[in-house]
Amino acid sequence: MAIDVVAARSRGFAVDGVALVAVLATLACAAPAIAVISFALSPDREGVAFGGNLLRDGALGTLTQMLLGGGGATVLGAGAAWLVSLCKFPGRGLFEWALVLPLAAPSYVLAYSYASFSWAGGVSPIEVRGIWGAAFVYAVGLYPYVYLAARAAFTSQSACALEAARTLGTSPGSLFWRVALPLARPGIAAGASLAMMEIAADYGAAQHFGLTTLSTAIFRAWYAHQSLHAALQISAVLLIAALVFLMLERRARGRAAFGGGSTRWRPLPRYGLSAPMGMLAAAFCALLVFFGAALPLAWLARLALLHANIGDIAPALVNSIVLSAMGALITLALAAAIAVTARRSRRLGQASLFAAAMGYAAPGAVLAMGALAIFAAAREAGWIGGLSTGLALTALFWAYAARFASAGVQPIDAGLSRLSKGLDASARTLGAGPWRRLIEVDLPIAAPSIAAAALILFVEILKELPTTLILRPFDFDTLAVKAYSYASDERLLEAAAPALLIFVAGLAPILILSHGIASARAGAR
């Protein structure tokens, strides 16, 4: 099937290099996931009788956390979105962007911070541990996914519908339950799906709290039982679950586009809450920011000052910076090729975007196992020897690209949306080839978005734990691996410094995101 990789010209046929890179990026994103499914369905040569028990326990543990942690995140995020979108209370403008700050910290960093509250020298007599401790960490750390999606759904609603309900004497509570919530339900469902995908993919927090989930079962099958086949079978189940949630999120997001009932865009009518209710609303939002970001950040800073192990974490910091920078550059190149091709070729673009989305939906442990299975098959075939440092880094960069290409595509595509089709057509008419149009037209226009994408990719790779843990070369530690190693040994004081650096690094893209939140609604001032 010809798909724009070869473009007909008067002199013959010339290869479209940008489209070729997009094809390679599509294969790179899809190959680990495809490998997981294919190798999991292959005949079992290891006799893994324990695989069924691990799969059962992991599925039950994951489902429990998705219901508890995901349900809590949904309630907290939807409630906060309703308050800042359609109510007036003290500090509303501040909380509008501050409520996304918990996204800066991965779940395992929050888990290490809260777990240290009740240890010797801690400040809380209430222990944060076990199933309920993990559910609390997931709820306060992942509610921003629901908040952002629900806020977008609330603010995109027609002002006419809300004003009509108010004219009929509808109270704020009734307006929420009978008008705003039904219209925003698809957006809330999309945010809840994203939060539950993150819970299913998490390894660090679940492992620290001693839970058996599908992610921890993968590690147990691979490390404790030395069974690659069992790990791949569990990975396949987790991958299928992630793809189901991806499709549900896409469907919900598509339905959310039809939430409005009018083309009249005016500032949304906001209810002026009474003084007591306004204080309660402000307290609710303040507690979310406090428990999701301020408290764990301050506590990690205190522990890091008590034990400033700079010499211990300096090599891990250097490794993290180098690994994240190189991984971000590789992933950015593939993401740019996908984003540009998606605007030039509909068929190839859709395939590339789906492959990138599939990689982003798949947990890091799943993609790492897929890459590991491919290298293991190549070794059995005699194509390579052992997994040397160079091959391990190659597999790691490959898994990073497959995992985060979609995170780079989205901002680049937003930047390219400013490029009119006429401009690209004019450049093509003047004889500019695909590479020249990319370098002289597409990239300069999308430069700010590309810079934002590079920052996002750098931080995402810096925070990634399971992929790095599985594929890293021997004795090659990053900040995430260092924090995990310390926390696994119950050395939470030493884990504070690398966890704090990860938290602070994650604040940069979150602050960029927060900066544009206030103008997220069409017609907003």
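Given the structure is predicted, the values throughout are model-derived calculations rather than measurements. (Residues numbered from 1 in each chain as written. Predicted model: local features only at pLDDT ≥ 70, side-chain atom pairs only at ≥ 80, totals over all residues. Heavy atoms only, no water.)

A. Region of the structure containing the overall build of the protein chain. Across its full length, the protein chain holds 21 helices and 4 strands. In the protein chain, which comprises 525 residues, the share counted as buried stands at 52%. Within the protein chain, contacts between residues separated by at least 24 positions form 84% of all contacts whose residues are at least 6 apart in sequence. Counting only carbon and sulfur atoms, one obtains 66% of the accessible surface of the protein chain, whose full area is about 23,000 Å². (Helix = DSSP H or I, 4+ residues; strand = E, 2+ residues; numbered from the N terminus. Buried < 20%, exposed > 50% of the residue type's maximum accessible area, 1.4 Å probe, protein only. Contact = heavy atoms within 4.5 Å. Areas by Shrake-Rupley, 256 points an atom, 1.4 Å probe, with all protein chains shown as cover.)

B. Here's a closer look at the packing of aromatic side chains. Enumeration according to the criterion identifies 11 aromatic pairs in this entry. Summarising the aromatic geometry, the rings of Y203 and F219 are spaced 3.8 Å apart at their centres and angled 20° between planes, so their arrangement reads as stacked. Residue Y203 is found in the loop between α7 (172-201) and α8 (204-208), and its partner F219 is found in helix α9 (residues 214-224); the two are separated by 16 residues along the sequence. F219 carries the same exposure label as Y203, and that label is buried. (Phe/Tyr/Trp six-rings, centres within 6.5 Å; stacked < 30°, edge-to-face > 60°.)

C. View of unusual backbone geometry. Even without glycine at this site, Q226 takes up a positive phi of about 55°. Structurally, the position occupied by Q226 is in the loop between α9 and α10 (228-256). Given the relative accessible area of 58%, Q226 is considered exposed.

D. Highlighting a nonpolar patch on the surface. Nonpolar side chains collect at one region of the surface, where I240, V244, M247 and L248 lie side by side and expose about 360 Å² of accessible area between them. With respect to the element layout, I240 can be found in helix α10. Accessibility expressed as a relative area gives 47% for I240, which makes it partly exposed. (Patch = residues over 30% accessible without salt bridge, like charges linked within 9 Å, V, L, I, M, F, W, Y side chains within 5 Å. Salt bridge = Lys/Arg side-chain N within 4 Å of Asp/Glu carboxyl O.)

E. How the structure looks around the nonpolar core. Ranked by size, the top nonpolar core spans 151 residues in total, and within it F89, L99, I412, L471 and F503 carry the most contacts. Counting residues per element, this core draws most heavily on helix α15 (residues 389-416), which supplies 13 residues. Lining this core are residues from two domains, each supplying at least three of them: domain 1 (50-257 + 273-304) and domain 2 (308-489). Beyond its immediate chain neighbours, meaning those up to four positions away, L471 contacts A368, A371, L372, A392, A395, L396 and A399. (Core = buried A, V, L, I, M, F, W, Y, C linked by side-chain atoms within 4.5 Å. Domains from an automatic or database assignment.)

F. Quick peek at the packing of helix α12 (residues 310-344) against helix α13 (residues 346-361). Viewed as axis vectors pointing N to C, α12 and α13 meet at an angle of 145°, and their least axial separation amounts to 6 Å. Once α12 is placed against α13, the crossing between them reads as left-handed. Residues I338, T341, A342 and R344 of α12 form the contact with α13, whose participating residues are R346, L348, G349, S352, L353 and A356. The class makeup of the residues in the contact of α12 with α13 is 5 nonpolar, 3 polar and 2 charged. (Axes fitted to C-alpha atoms, helices over the stretch in contact; angles between N-to-C directions. Left-handed = near helix turned anticlockwise from the far one by under 90°. Nonpolar A, V, L, I, M, F, W, Y, C, P; charged D, E, K, R; others polar.)

G. Up close: helix α20 (residues 479-488). With 8 of 10 residues buried, α20 lies mostly within the body of the structure. Buried within α20 are the following residues: L479, A480, V481, K482, A483, Y484, Y486 and A487. Just past α20, the residue E490 takes up positive phi, approximately 60°.

H. Quick peek at the environment of A152. Relative to the helices and strands, A152 is located in helix α5 (residues 130-155). A152 gets classed as partly exposed once you look at its relative accessible area, which sits at 42%. Between the C-alpha atoms of A152 and I188, which are 36 residues apart in sequence, the distance is 9.3 Å.

I. The packing of α15 against helix α18 (residues 447-463), seen in detail. With their axes 8 Å apart at the nearest point, α15 and α18 run at an angle of 155° to one another. The angle between α15 and α18 places the two elements in the roughly antiparallel class. Crossing angle aside, the handedness with which α15 passes α18 is right-handed. Along its contact with α15, which presents Y400, F404, A407, G408, P411, I412, A414 and G415, the element α18 presents S449, I450, A453, I456, L457, E460 and I461. (Parallel < 35°, antiparallel > 145°, perpendicular 65-115°, else oblique.)

J. Geometry of helix α4 (residues 107-115). Burial of α4 is extensive: 9 of the 9 residues sit out of reach of the surface. When we look at burial in α4, the residues that qualify are S107, Y108, V109, L110, A111, Y112, S113, Y114 and A115.

K. A look at the confidence of the model for the protein chain. Averaged over the protein chain, the pLDDT score is 81; the fraction of residues at 70 or greater is 80%. Within the model, pLDDT remains below 50 along residues 257-264, and this stretch shows 7 contacts once partners closer than five positions in the same chain are excluded. (pLDDT = per-residue confidence, 0-100.)

L. Structural detail: the pattern of salt bridges. According to the stated counting rule, one finds 7 salt bridges in the structure shown. Ionic pairing is found between R56 and D57, a salt bridge with its closest N-O pair at 3.1 Å. Taking relative accessible area as the criterion, R56 reaches 46% and is therefore assigned partly exposed. With a closest N to O distance of 2.8 Å, R129 and E127 form a salt bridge. Residue R129 is classed as exposed on the basis of its relative accessible area of 58%. Relative accessible area serves as the criterion here: at 42%, E127 is assigned to the partly exposed category. Residues joined by salt bridges that share partners form a network here, namely R92, E96 and R151.

M. Seen up close, the side chain of S193. Looking at the element boundaries, S193 is found in helix α7. Residue S193 is classed as buried on the basis of its relative accessible area of 8%. The residues contacting S193, other than those within four sequence positions of it, are F245, L248 and E249.

N. Highlighting the side chain of S227. For S227, the location among the structural elements is in the loop between α9 and α10. Residue classification places S227 among the buried positions, given a relative accessible area of 2%. Reaching out from S227, the side chain makes a polar contact with the backbone nitrogen of A230 at a distance of 3.1 Å. (Polar contact = N/O pair within 3.5 Å; in protein donor to acceptor, adjacent residues only side chain to side chain.)

O. Geometry of the state of the cysteines. Applying the stated rule across the entire model yields 0 disulfides. In this model C285 remains outside any disulfide bridge; the closest cysteine sulfur is found in C87, 9.4 Å from its own. (Disulfide = S-S within 2.5 Å.)

P. Structural context of the environment of G79. Relative to the assigned elements, G79 resides in helix α2 (residues 51-86). Note: C-alpha distance between G79 and A150 (71 residues apart in sequence) is 8.9 Å.

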